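# Fold and geometry: a report
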Amino acid sequence: MVGRGSSVYANDVLGGEVVLVTGGGSGIGLATAWAAVAGGAAGVAIAGRKGHRLEAAAEVLVERGEAEGYDCRILPVVMDIRHLASVESGIATVIDVFGRIDVVVNNAGGQYVSPAEDISPKGWRAVVDTNLTGTWNVLVGVFAALDAAAPDKAALRGLRCVNVVADMWAGMPHMAHSGAARAGVVNLTHTLAVEWARYGIRINAVAPGIIVSSGLDSYPAPVRAALPSIAAACPTGRGGTESEVAAAIIFLASSGASYVNGAVLRVDGGSSLRKGIELSSFFPPHPAIPPYHSAPFLADKYGAFIQASRL
Ligand SMILES: CCCCCCCCC/C=C/C(=O)SCCNC(=O)CCNC(=O)[C@H](O)C(C)(C)COP(=O)(O)OP(=O)(O)OC[C@H]1O[C@@H](n2cnc3c(N)ncnc32)[C@H](O)[C@@H]1OP(=O)(O)O
Ligand SMILES: NC(=O)C1=CN([C@@H]2O[C@H](COP(=O)(O)OP(=O)(O)OC[C@H]3O[C@@H](n4cnc5c(N)ncnc54)[C@H](OP(=O)(O)O)[C@@H]3O)[C@@H](O)[C@H]2O)C=CC1
């Protein structure tokens, strides 16, 4: 985690501001919440579905904040981003308590590993509703609440949004639902960066590679066993840390990024530059089916056509 003295930013980089971090009760979200405390935020709301997890995280943030001399209030907010009504009620609580929101970090999300053909309709919906619709719900929820808070869209001016996506540039083999949803969030980031700029809102995204976070604990043992070698194959030879992602999020939220709008910052040690084929090599070919690109397969299926077309 980033801390006073060890922070890469000035201790007032978010001086006096109010930050909402979804998924702030664990992993990257919690590291981001701490980085906001250490950046001088006046209030940090951490949102998630599990109240007990949020309470425990809030306690850690308060204790550490006090120990290091920060003056920041922490607000745990139970909210399920899949449901707009829950999001609206959570955001109303944040505005009731803090009176404003300056920074929104759409970090809540997740997926499970599955061959595409085995993803059930319910599983597809769960992942898309969480990562794409959930991000949308929070963005429009905050927009509506701030719009209602003051005339002439004054409370929207200066709002910064940072969406956490994933390294899906070369596809996300065995996570098709998540790759599609994250690509949707990237496009939404681009669209709203243009559309909402007229209100003085900036919106950007961060795309983590493999980050050694609490989130990885939820994956099945064979996947966890493979992760160190997948991470080691990245050009920098290691996985990233939660606070490295948090630092990128704080940068995009800060005035240091005041002319950065619609950007996607990859925090992946360069892994997206070489990922797709290496990831697919983790999954052995189906024993009964030759790889599509194998010469015999192509020859069998298209050989006659290719020969004919050469005449
Ligand atoms: C090696 C490769 C490269 C590996 C490369 C690794 C790169 C890592 C990059 C990214 C890392 C991270 O994001 S790590 C941090 C993210 N954290 C997580 O991913 C947390 C764990 N994931 C989740 O919580 C879930 O996947 C998610 C669907 C999002 C939410 O789960 P919920 O329990 O809330 O969902 P529910 O509504 O209960 O479930 C809905 C349905 O979803 C399906 N479903 C849910 N979890 C399932 C599971 N584990 N396996 C099968 N199916 C599942 C079932 O059909 C469920 O229906 P029923 O059958 O009726 O129950
Ligand atoms: N770790 C990695 O390698 C990578 C992570 N990411 C992404 O970064 C983000 C943070 O992940 P990480 O910290 O690693 O993992 P975690 O699993 O620790 O964090 C996910 C957080 O999202 C919250 N969350 C999940 N679903 C919902 C929901 N429906 N409503 C509200 N909150 C929800 C969870 O809280 P609760 O369960 O209490 O609701 C949890 O705090 C995720 O979007 C993840 O997919 C992207 C690429 C790589």
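The protein chain is annotated in an unreviewed UniProt entry as Peroxisomal trans-2-enoyl-CoA reductase from Thecamonas trahens ATCC 50062. According to the UniProt record, the Function (unreviewed entry) comment for the protein chain reads "Participates in chain elongation of fatty acids. Catalyzes the reduction of trans-2-enoyl-CoAs of varying chain lengths from 6:1 to 16:1, having maximum activity with 10:1 CoA. Has no 2,4-dienoyl-CoA reductase activity." The heading Subunit (unreviewed entry) in the UniProt record of the protein chain holds the text "Interacts with PEX5, probably required to target it into peroxisomes."

## Looking at the overall build of the protein chain
Scanning the protein chain from terminus to terminus reveals nine helices and seven strands. Taking all 311 residues of the protein chain together, the buried fraction comes to 42%. The contacts in the protein chain between residues at least 6 apart in sequence include a share of 77% that link residues at least 24 apart.

## Regarding the site of ligand 2
Within the structure, ligand 2 sits among 30 residues, and Gly23, Gly27, Arg49, Gly109 and Gly215 are positioned closest to it. Counting residues per element, the ones that place at least two in the shell around ligand 2 are α1 (27–38) and α4 (121–149). With three residues, the top contributor of residues to the shell around ligand 2 is α1. Residues of the shell around ligand 2, tallied by class, amount to ten nonpolar, 15 polar and five charged.

## Comments concerning helix α3 (residues 84–98)
Between its terminal C-alpha atoms α3 stretches 21 Å, which fits the 21 Å expected from 15 residues at 1.5 Å a residue. Of the positions making up α3, those classed as buried are Val87, Gly90, Ile91, Val94, Ile95 and Phe98. On an axial view of α3, the arc spanned by its buried residues comes to 135 degrees, and they lie on one face. Structural note: α3 exposes Ala85 and Asp96 on the side pointing more than 90 degrees away from its buried face. Looking at the packing, one finds that the buried side of α3 touches β1 (18–22), β2 (43–48), β3 (73–78) and α4. Phi for Gly99, located one or two positions after α3, is positive at around 80 degrees.

## As for α4
With 29 residues, α4 extends 39 Å between its outermost C-alpha atoms, agreeing within 8% with the 42 Å of an ideal straight helix rising 1.5 Å per residue. Roughly 40 degrees is the biggest bend found in α4, and it falls at Asp129.

## Observations regarding the site of ligand 1
Of all residues adjacent to ligand 1, which total 22 residues, the nearest are Gly110, Tyr112, Gly123, Ala126 and Gly215. Only α4 and α6 (221–232) provide two or more residues apiece to the shell around ligand 1.

## Considering the environment of Gly23
Of note, Gly23 is situated in the loop between β1 and α1. In this structure the C-alpha to C-alpha distance between Gly23 and Ala47, which are 24 residues apart in sequence, comes to 5.6 Å. Apart from the residues within four sequence positions on either side, Gly23 is in contact with Gly29, Gly48, Asn107, Ala108 and Gly109.

## Describing the UniProt feature "domain: Ketoreductase" (unreviewed entry) in the protein chain
The residues that UniProt annotates with the feature "domain: Ketoreductase" (unreviewed entry) are residues 17–172. Taken end to end, residues 17–172 has its terminal C-alpha atoms 36 Å apart, with 47% of it in helix and 17% in strand.

## With respect to the sheet that holds β2
In spatial order, the strands read β3-β2-β1-β4-β5-β6-β7; together these seven strands make up an open sheet with parallel pairing. If you trace the sheet from one side to the other, it starts and ends with β3 and β7 (264–267), each paired once. If you compare each strand with its neighbour and ignore which way they point, the axes differ by 15 degrees on average. With four bridges connecting them, strand β4 (residues 103–106) and strand β5 (residues 160–164) associate as parallel partners. Its bridge partner lying in β5, Val105 is registered against Val162. Sitting on the sheet, helix α2 (residues 51–67) is in contact with β2 and β3, with an inclination near 175 degrees to β3. In the packing of α3 onto the sheet, the strands contacted are β1, β2 and β3, and the crossing angle to β3 comes to about 160 degrees.

Procedures and definitions
One numbering rule holds for all chains: residues counted from 1, following each sequence as written. Chain letters and ligand numbers both follow the written order, the letters beginning at A and the numbers at 1. Per-residue local features are limited, in this predicted model, to residues with pLDDT of at least 70; the limit for side-chain atom pairs, both in listing and counting, is 80 or more; totals at the level of whole chains, interfaces and linings are taken over all residues. UniProt positions are given in the numbering used here, feature names are shortened, and annotations may be inferred rather than shown by experiment. Runs of E in the DSSP output that reach at least two residues are strands. Runs of H or I that reach at least four are helices, and both are numbered from the N terminus. For every residue, the other C-beta atoms within 10 Å of its own C-beta are counted; 20 or more classify it as buried, 12 or fewer as exposed, and values in between as partly exposed. C-beta atoms are placed from the backbone. Any pair of residues counts as being in contact when their C-beta atoms, constructed from backbone geometry, are within 7 Å of one another. In this analysis, residues qualify as near a molecule or strand once their C-beta atom, positioned from backbone atoms, comes within 6 Å of it. The residue classification treats Ala, Val, Leu, Ile, Met, Phe, Trp, Tyr, Cys and Pro as nonpolar and Asp, Glu, Lys and Arg as charged. All others, Gly included, are polar. One less than the number of residues in a helix, times 1.5 Å, gives the span that helix is expected to have. An arc is given here, and it is the one of the directions from the helix axis to the C-beta atoms. One axis is fitted to the seven residues ending at the residue and one to the seven starting there. The bend at that residue is the angle between these axes. Pairing between two strands is assigned when DSSP locates at least 2 bridges connecting them. Note on geometry: axes are C-alpha line fits, over the in-contact stretch for helices, and angles between N-to-C directions span 0 to 180 degrees.

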